[in-house]
Each structure stands twice: as C-alpha cells, then as structure tokens.
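# Coordinates in review
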Amino acid sequence: MPKRAAALHDALLEAARHLAIVQTGHAAGGFRRRAISTAYYALFHFLISESVRVVMPRVEPPLKRWIVRAYSHSDLRAVCQQFANGRIENVRQPAQGLLAAPIAPELTKIAIGFVELQAMRELADYDLSYDASSAEADLAVFLAEDAMRAWKRLGAGQNQTVFLTALLLNRQWARTSP
Amino acid sequence: MREIAAAAIPDEAEAFRRFVLSQDLPREVRGVSVSFDEDRSGNPLAYIRLAILDSADRRVIRSRVKRVMPAIAAIQQEILKRNVTRFPIFLIRETGRAKASRGASRRAA
C-alpha cells in the first residue's frame, strides 16, 4: 500500500526544522530566512486546514482545493489580532456575540503566534536589511509548533468554531455587521 | 500601554523595555532594546530585541536559546493583556560571552 503523504502543514513544519538547523556557510542567512517563512506557512496552512475541516466537514478534495484559496493572509492576521489579547470586547461583531467568556489562553497563544510569525515572515521575505539570526529561525519554528500543540490541547468548542469561521468570513462579516 | 502611561513615563519605547525587563526573564537574556515600526498595512509594531548570551559552542547556543522561547511567548502574552496599541515582535541577537554581571549588562543594553 502506498505511503500516505504528510499533511502540507506537517511537511512544511518539518522542512522549517531542517532549514533552521543550517548554521554555517555563505547561504546560512538564506536558509534562516526560509526557515522563518516556512514556519509561518506551516501555521497558515494548519489553521486553514482546521477551518475547512470544522466549518465544511463534508467537502471533497476537488472542491476543498478551491475553498482553501479563499483564505487570505490579511484576513487571518486581522482575526488573530482581534483574539490576541484574550478580550472578547476586542473581537468584532458578529463573532463577538457568538463567543463564550473567557477566551482560552491556548486560543490567544495561537493568535499571537500567527501575528508574530507573519511579522517575522514579512522581514524574512521582503526586508533586504534584515539579518535573520539562528535564534529567530528557531523561534519561528517554536512558535509554529507551540501554536499547533495549543490547538490540539484545546480540542473542539464554540469559541474555536467561531474563530475558525471568522478566518474565512472576516471580510464578509465586516461588511454586514453594524 | 495603559498601565505605563498612567505612570507618566514619556518615552513609550523605554516603557516597553522596562516592562519586558520587569518580567521573569531567563538568565540567558543579557539585554533588551525596543524600536517601533509599522507593517506594510500600517499596523503599529514594537520590535523587541533580546540579546542572548553566546558561547563558543554553537550547539550550546541553540539549546540555550531554545530554553528562552517559552518565556518569550509568556512575556508577549503579558504585554498584550495590557491592551497595548503596538503588537510586540521579538527578535533575538546572540551576544559574546559577557564578563559583566547580569544586572550590569542589562543596564548597559
């Protein structure tokens, strides 16, 4: 029986770990930049994968492939920023009214990790003056791993479902909510 | 930063730095500096640079730095609980093995 391929987020996280290990050589800085960027994409695809699994559980792969493209970096960031300090009043409507207090620390940890990783990825991918340290490459891998572990500890729940739905509908909700 | 503003500290970056220093930092952290910036969408960011004690053995550095990471995540969560307007982003730089005491090198940072 052929071996089943790893989920994209798992494969990316593994790749990020390998990239972060490279310490020496003239290309080490490039490996560190790619480690940071790849760790970010691991968490990006993990959250999208969880969102599709929970919000649209019966979707078959051909359709799923196109639904996944509807998620955007800026929407994920906007939602994660709303959840990052753990205060329900910071979350925009209608999500705010659907949440149950309190927001679990694990959920804020995931949100913080995503925003932090996206900022690090912006530096790693676009800032020519940025000199990525090996510690930052390790930090990026840690943040992605830590966020995924936190998500698994959280399990299912109303707040998690609202969060995952907001990742997809953030822009539409912003247009329709008061 | 609501609490620090109440203490009437004029320099927001210095206030951020002091807040980080007041947290339970791992002993590997030798210095903290803060600068402000914005991302491409104009969202305000606070770059918090931590200087981490270096060593001649690169393998030792990585294990030391990895010990610091859970503390960084905890500090970031503490900062955000205070309803800051700038999202804190931690950057890490390794420094040479410092001879000065931990307190002295932190003051110099």
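The written sequence of each chain sets the order in which its residues are numbered from 1. Just so you know, chain letters begin at A and ligand numbers begin at 1, following the order they were written in. With pLDDT at 70 or above as the cut-off, local features in this predicted model cover only qualifying residues; side-chain atom pairs require 80 or more to be listed or tallied, and sums for whole chains, interfaces and linings still use all residues.

All right, on to the overall build of chain B then. Working definition: helices are DSSP H or I runs of at least four residues, strands are E runs of at least two. Numbering for both runs from the N terminus. Along chain B, the regular secondary structure elements total four helices and three strands. Going residue by residue from the N terminus, the α and β elements of chain B occur as α-α-β-β-α-β-α. A residue is called partly exposed when the number of other C-beta atoms within 10 Å of its own lies between 12 and 20, exposed at 12 or fewer, and buried at 20 or more, with C-beta atoms placed from the backbone. In chain B, which comprises 109 residues, the share counted as buried stands at 32%. The contact criterion used here is simple: two residues whose C-beta atoms, placed from the backbone, lie within 7 Å are in contact. Counting only contacts in chain B whose residues sit at least 6 apart along the sequence, the fraction spanning at least 24 positions is 61%.

It is worth spelling out the nonpolar core at this point. Generally speaking, soluble globular proteins have nonpolar side chains that are buried together. To form a nonpolar core, buried Ala, Val, Leu, Ile, Met, Phe, Trp, Tyr and Cys residues must be joined through C-beta atoms within 7 Å. Ala16, Ala39, Leu43, Phe114, Ala140 and Ala144 of chain A are the most contacted members of the largest nonpolar core, which has 81 residues in total. Look past the residues within four positions of phenylalanine 114 of chain A in its chain and what remains in contact with it is Leu43, Leu47, Leu76, Cys80 and Ala147 of chain A.

Each side of the interface is counted separately: chain B has 24 residues, and chain A has 22 residues. In the side of chain B that touches chain A, the residues fall into twelve nonpolar, four polar and eight charged. Nonpolar residues are Ala, Val, Leu, Ile, Met, Phe, Trp, Tyr, Cys and Pro. Charged residues are Asp, Glu, Lys and Arg, and all others, Gly as well, are polar.

Residue and element names in this part refer to chain A. Lines are fitted to the C-alpha atoms to define the axes, a helix being fitted only along its stretch in contact, and any angle between axes, read from their N-to-C directions, falls within 0 to 180 degrees. At a minimum axis separation of 9 Å, helix H6 (residues 105-126) and helix H7 (residues 134-154) run at an interaxial angle of 150 degrees. In terms of their interaxial angle, H6 and H7 are classed as roughly antiparallel. The way H6 lies across H7 gives a crossing that is left-handed. Along the contact surface, H6 presents Glu106, Leu107, Lys109, Ile110, Gly113, Phe114, Glu116, Leu117 and Met120, while H7 presents Glu136, Ala140, Leu143, Ala144, Asp146, Ala147, Ala150, Trp151, Arg153 and Leu154. Counted by class, the contact of H6 with H7 contains twelve nonpolar, one polar and six charged residues. For classification purposes, an angle smaller than 35 degrees is called roughly parallel, one larger than 145 roughly antiparallel, one from 65 to 115 roughly perpendicular, and anything else oblique. Should the near helix be turned counterclockwise from the far one by less than a right angle, the crossing is left-handed, whereas a clockwise turn marks it as right-handed.

Bringing the packing of helix H2 (residues 28-55) of chain A against H6 of chain A into the picture now. Residue and element names in this part refer to chain A. Contact pair H2 / H6: the axes reach a minimum separation of 8 Å and the direction vectors enclose 140 degrees. It follows from the interaxial angle that H2 and H6 lie oblique. The chirality of how H2 crosses H6 is left-handed. Each of Arg33, Ile36, Ser37, Ala39, Tyr40, Leu43 and Leu47 in H2 lies in contact with H6, whose residues at this interface are Gly113, Phe114, Leu117, Gln118, Met120, Arg121, Ala124 and Asp125. Across the contact of H2 with H6, the residue classes break down as nine nonpolar, three polar and three charged.

All names here are of chain B. Within strand S3 (residues 87-95), seven of the nine residues are buried, which leaves the element mostly enclosed by the surrounding structure. Should DSSP find at least two bridges between two strands, the strands are regarded as paired. The sheet contact formed by strand S2 (residues 44-53) and S3 spans nine bridges and is parallel. Bridging across to S3, leucine 45 finds its partner in phenylalanine 87.

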